[in-house]
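Each chain, letter by letter, is given below.
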Amino acid sequence: MPAADPAVKNSKANASSRLPELDPKQKVELFRQMIRVRHFEEKAKQAFQQGKIKGFCHLYNGQEAVAVGTISVLNEDDAVITAYRDHAHALTRGTDSKACMAELFGKITGCSRGKGGSMHFFDVKRHFYGGHGIVGGQIPLGTGLAYAQKYLGTNRVTLAYMGDGAINQGAVHEAMNLAALWKLPVIYIIENNEWSMGTSQARSSAGDPLTKRAGAFDMAAIQADGMDIDDVRAKTFEAVSLARTESQPTLMEIRTYRYFGHSMSDPGNYRSKEEIEQRKANDPIERYKAKLITQKVATEESLNAIDEEALAEAQAAYDFAESSPEPEIETMYEDIFTPEDQIPEFRPDIRG
Amino acid sequence: MSTLTYREALNEALSEEMERDDRVMLMGEEVAEYDGAYKVSKGLLKKFGPKRIIDTPISETGFTGLAIGAAMYGLRPVVEYMTWSFSLVCFDQIINNAAQVRYMSGGQLSVPIVFRGSSGGGLQVGATHSHTPENWYANVPGLTVITPAFPDDAKGLLKSAIRSNNPVCFIENEKLYGYKDEVPEGEYLTEIGKARVRREGSDLTIVSNSGSTHRALNAARTLEAEGISVEVIDLRTIKPLDFATIAESVTKTNRVLIVEENKPFAGWGAQVAYQIQRELFDDLDAPVHRLTSIDVPQPYNGRMEQAVLPNEERVVVAIKEVLA
């Protein structure tokens, strides 16, 4: 069982701001976001098994409430950065599922022009800063996004995600120290699915819960139940409010679970079928669906219709990716250097 | 013309560029209140304040990644490494993030960042503090690598590097911080990717950089008395390499010696030697020669360290070997 919730320290946020109550349309939209992530991932799994997606592919099934719940609390111009299990974050931020699937297929119509692949989705226009492959490497970057947000006086915040395995990287400790020392508006979110590839939390991390790490830096810490989207929203809102009103960071630990292996290359022999089935019984999408029906926010029929639409959307994304062209080989010379505008171009052979 | 030390020239570059553009800031260990470990940032905290000149804790991965993230968001940070040897601690951030996020995002991001600091041996500071990393970084697609040898170039190139929209590794030389020479007055930039002939000659071309350019020039002056005429090219920028200047010189002299402080295996000179023999084969009267540091970790002992470096005596011997 997760340890008891530590209270948010020094927050004026609770008194002065409250997570706004959602109207029925907005609640249904949360369901829609989660189910479209679910179906996209399932389609990606099929495509990978058909050999249309190569390399690494890390799926998010089971964790949908984390990305959807956390991001739903942000303003459009807040920043998001995550590791390589990033399809859900891009989709939830608003990247077209066609562009996402095309990226997985390596096509020129992909959100990174086929240059990134599954681990490197980016959508800077929508304030999604990737998609990063080195465990924990994105955490100093996210800290820098928040640093710039503060420097420029934007009143925006940054959500910087990592897995439970990343918390032991030196990069994460260094970044947390900087965020607490310099009072940066960053929310660190541990998507704790209990397994860092094949190694359990118990075999990876000294000190439980992981939120204890925040105490070393006098940083606020919050835990949330990642299978309950309302809890994710409420807790994230506290952290976001603290960041926005006091420019203080928070370390969040959101307990969740992934149904599939670490990636498509991982058969997941370290977990029992019983464990997975037990966790599936607590599925965040099913739970929320049942809640909406019970609360008479939506009918089962209407939610099923949304489910069908999401399935169709995933198929359309697959078809788009399949029919999109490969990049021309010569595009490999592009996107390395930004064109210069204050000094002469110094790499005319390589274009931007 | 004014006469400045190499460190004063860098200081002027930082000051001018920070005055010009609010988005430029300097962060690193001891850069603010200490006035810089090597005094390159002397007076800048007083002039610009703590928002622009930032003392960091000792956490190269943390503050390097932070600066890269800030650059991705639109700031133009200058990150100081107390010595480039310390950049080994944050190799991942520089190579995988600074150099590559633009590519991985299909061109959506820019990283207008300058990493700078001192480098090089000859100060008896031992094996972990004496690296010359330009070859390691030159091997990474997406990075620009600059190693100035003179104050005027140091100032002009740092200004250009700060104005560049791309990540730059600006590698200074610790032994040169006190070196005094003429620097143009007023506003000027030095072009990145252009070498400079620092001494004209006809018998042999030396291609060199940083501290080794001075070793080459000293050897050339010594040999003038023996009637040997050596042309010395200071590369200034390692990557992108200015091969045209090298070619112009080698077609004239027909002999070339590379002098570099890098350790030999895959030092920058190996790349230059390959290109010279590949493209100028018919212009060569002798095989390309190359003088590097000795392939050992940098020792503390003074005489031993001097023997490791491509010191003047070894340059003179190597010149005579090429001319033999």
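About the criteria used
- Think of each chain on its own: its residues are numbered from 1, step by step along the sequence as written.
- Written order decides the labels, with chains lettered from A and ligands numbered from 1.
- Reporting of local features is limited, given that this is a predicted model, to residues whose pLDDT is at least 70; pairs of side-chain atoms are given and counted only at 80 or more, and all residues count toward the totals for whole chains, interfaces and linings.
- Secondary structure elements follow DSSP: runs of H or I no shorter than four residues count as helices, runs of E no shorter than two count as strands, and numbering proceeds from the N terminus.
- Only C-alpha atoms enter the radius of gyration; for comparison, a globular chain is expected to reach 2.2 Å times N to the power 0.38, where N is the number of residues.
- Any residue pair is listed as a contact if its two C-beta atoms, each placed from the backbone, are within 7 Å.
- Note that the domain bounds reflect an automated or database-derived domain assignment.
- Under the convention adopted here, Pro, Cys and the residues Ala, Val, Leu, Ile, Met, Phe, Trp and Tyr are nonpolar, Asp, Glu, Lys and Arg are charged, and Gly plus all remaining residues are polar.
- Note on definitions: angles span 0 to 180 degrees between N-to-C directions of axes, and those axes are lines fitted to C-alpha atoms, for helices only across the stretch in contact.
- Just so you know how the angles are binned, under 35 degrees is roughly parallel, over 145 roughly antiparallel, 65 to 115 roughly perpendicular, and the rest oblique.
- Two helices that cross are described as forming a left-handed crossing if the nearer one is turned anticlockwise from the farther one by less than a right angle, and a right-handed crossing if clockwise.
- In this description, strands pair whenever DSSP reports at least two bridges between them.
- In this usage, the nonpolar core is the set of buried Ala, Val, Leu, Ile, Met, Phe, Trp, Tyr and Cys residues whose C-beta atoms join them within 7 Å.
- Neighbour counting defines burial: a residue surrounded by 20 or more other C-beta atoms within 10 Å of its own C-beta is buried, one with 12 or fewer is exposed, and intermediate counts give partly exposed, using backbone-placed C-beta atoms.
- To estimate the expected span of a helix, count its residues, drop one, and scale the result by 1.5 Å.
- For every residue, the pLDDT score states the predictor's confidence, bounded by 0 at the bottom and 100 at the top.

This part covers the overall build of chain A. Counting secondary structure elements, chain A contains 13 helices and seven strands. Against the 2.2 N^0.38 benchmark of 20 Å for 352 residues, chain A shows a C-alpha radius of gyration of 20 Å, consistent with a compact globule. Each of the three principal axes of chain A carries a C-alpha extent, and together these read 55 × 55 × 40 Å. In chain A, 74% of the contacts between residues at least 6 apart in sequence involve partners at least 24 apart.

What follows concerns the domain arrangement of chain B. Residues and elements named next belong to chain B. Splitting chain B by domain gives domain 1 (2–183) and domain 2 (196–323). Computed over C-alpha atoms, the centres of domain 1 and domain 2 are 26 Å apart. Across the contact, 23 residues belong to domain 1 and 21 residues belong to domain 2. The set of elements that each furnish at least two residues to the side of domain 1 that touches domain 2 consists of helix 6 (134–138), strand 6 (144–146) and helix 7 (151–163). Partitioning the side of domain 1 that touches domain 2 into residue classes produces nine nonpolar, 11 polar and three charged.

Attention shifts here to the packing of helix 7 (residues 170–182) of chain A against helix 3 (residues 60–72) of chain B. Closest axis-to-axis distance for the helix 7 of chain A/helix 3 of chain B pair is 8 Å, and the angle between their directions is 70 degrees. The angle between helix 7 of chain A and helix 3 of chain B falls in the class roughly perpendicular. By crossing handedness, the relation of helix 7 of chain A to helix 3 of chain B is classed as right-handed. Each of A:Gly170, A:Ala171, A:Glu174, A:Ala175, A:Asn177 and A:Leu178 in helix 7 of chain A lies in contact with helix 3 of chain B, whose residues at this interface are B:Thr61, B:Gly62, B:Phe63, B:Gly65 and B:Leu66.

Residue and element names in this part refer to chain A. The five strands lie next to each other as 1-2-3-7-6, forming an open sheet whose pairing is parallel. Of all the strands in the sheet, just strand 1 (79–81) and strand 6 (220–225) have a single pairing partner and so form its edges. Pairwise comparison of adjacent strand axes, ignoring direction, gives a mean angle of 20 degrees for this sheet. The sheet contact formed by strand 3 (residues 186–192) and strand 7 (residues 250–255) spans six bridges and is parallel. In the strand pairing of strand 7, Glu191 is matched with Ile254. Sheet strands touched by helix 10 (residues 229–246): strand 3, strand 6 and strand 7. Its angle to strand 6, the strand with the most contacts, is close to 160 degrees.

Counting residues in each nonpolar core, the largest one holds 193 residues, and the members touching the most others are A:Cys100, A:Ile187, A:Tyr188, A:Met252, B:Met72 and B:Leu257. Considering every element that reaches this core, the biggest residue donor is helix 2 (residues 24–49) of chain A, with nine residues. Of the domains in this structure, domain 1 (2–183) and domain 2 (196–323) of chain B are the two that each give at least three residues to this core.

Between helix 6 (residues 138–151) of chain A and helix 3 of chain B, the least distance of the axes is 6 Å, while the angle of their chain directions is 55 degrees. The angle between helix 6 of chain A and helix 3 of chain B places the two elements in the oblique class. When you trace helix 6 of chain A past helix 3 of chain B, the crossing you get is right-handed. Of the residues in helix 3 of chain B, those touching helix 6 of chain A at A:Pro140, A:Leu141, A:Gly142, A:Thr143, A:Gly144, A:Leu145, A:Tyr147 and A:Ala148 are B:Thr61, B:Gly62, B:Gly65, B:Leu66, B:Ala67, B:Ile68, B:Gly69, B:Ala70 and B:Met72.

Each partner contributes to the interface: chain B provides 41 residues, whereas chain A provides 41 residues. Of all elements in the fold, only helix 3, helix 4 (91–98), helix 5 (101–104) and helix 7 of chain B reach the threshold of two or more residues within the side of chain B that touches chain A. Residue contributions to the side of chain B that touches chain A peak at 10 residues, all from helix 3 of chain B. Per-class residue counts for the side of chain B that touches chain A are 17 nonpolar, 20 polar and four charged.

Moving on: the sheet that holds strand 14 (residues 289–291) of chain B. Residue and element names in this part refer to chain B. Taken together, the five strands give an open sheet; going across it, the order is 9-11-10-13-14, and neighbouring strands pair in mixed fashion. Looking at strand neighbours, the two that pair on one side only are strand 9 (196–199) and strand 14, the edges of this open sheet. The sheet shows a mean angle of 25 degrees between the axes of neighbouring strands, taken without regard to direction. Across four bridges, the pairing between strand 10 (residues 204–208) and strand 13 (residues 256–259) is parallel. Each residue of the ladder has a partner; that of Val207, found in strand 13, is Ile258. Relative to the sheet, helix 12 (residues 312–323) contacts strand 10, strand 11 (230–234), strand 13 and strand 14, its axis offset from that of strand 14 by approximately 175 degrees.

Residues and elements named next belong to chain B. The end-to-end C-alpha distance of helix 8 (residues 210–224), which contains 15 residues, comes to 22 Å, matching closely the 21 Å that a straight helix rising 1.5 Å per residue would cover. When you tally the buried positions in helix 8, you get 11 out of 15 residues, the bulk of the element. When helix 8 is considered as a whole, its buried residues turn out to be Ser210, Gly211, Ser212, Thr213, His214, Arg215, Ala216, Leu217, Ala219, Ala220 and Leu223.

Turning our eyes to something else, we now look at the confidence of the model for chain B. Residues of chain B with pLDDT of at least 70 account for 100%, and the chain-wide mean is 98. Across the interfaces of the predicted complex, the ipTM metric reaches 0.96, alongside a pTM of 0.96.

Looking now at the confidence of the model for chain A. Looking at chain A as a whole, its pLDDT mean stands at 94, while 94% of the residues score no less than 70. pLDDT under 50 marks residues 1–16 of chain A. Its contacts with residues more than four places away, or in other chains, come to 23 contacts.

Turning to the pairing of strand 5 (residues 114–118) of chain B, a few remarks are in order. Residues and elements named next belong to chain B. Where burial is concerned, most of strand 5 is hidden: five out of the five residues are buried. Of the two faces of strand 5, the one carrying Val114, Arg116 and Ser118 and the one carrying Phe115 and Gly117 are both buried. Where strand 4 (residues 76–83) meets strand 5, five bridges bridge the pair, whose relative direction is parallel. Paired with Tyr81 across the strands is Gly117, a residue of strand 5.

A word on the environment of B:Ile58. Among the structural elements, B:Ile58 can be located in the loop between strand 3 (53–55) and helix 3. Spatially, the C-alpha atoms of B:Ile58 and B:Thr132 are 21 Å apart, while their sequence positions differ by 74 residues.

All names here are of chain B. Of note, Lys180 is situated in strand 8 (residues 180–183). Assessed through the 12 C-beta atoms surrounding it within 10 Å, Lys180 is described here as exposed. Sequence separation between Lys180 and Phe150 is 30 residues; the distance between their C-alpha atoms is 8.3 Å. If we ignore the near neighbours within four places in the chain, the residues touching Lys180 are Thr3, Leu4 and Thr5.

The omega torsion of the bond from A:Gly130 to A:Gly131 falls at 25 degrees, within 30 degrees of zero and hence cis. Tracing the sequence through the fold places A:Gly131 in the loop between helix 5 (97–104) and helix 6. Here the amide bond leading from A:Asp208 into A:Pro209 is cis, since omega sits at 0 degrees, within 30 degrees of zero. Following the sequence through the fold, A:Pro209 ends up in the loop between helix 8 (201–204) and helix 9 (212–215). A positive phi angle, close to 55 degrees, is found at A:Lys183, a residue other than glycine. Looking at where A:Lys183 falls in the secondary structure, it is placed in the loop between helix 7 and strand 3. In this structure, B:Asp35 is a non-glycine residue whose phi angle is positive, near 70 degrees.

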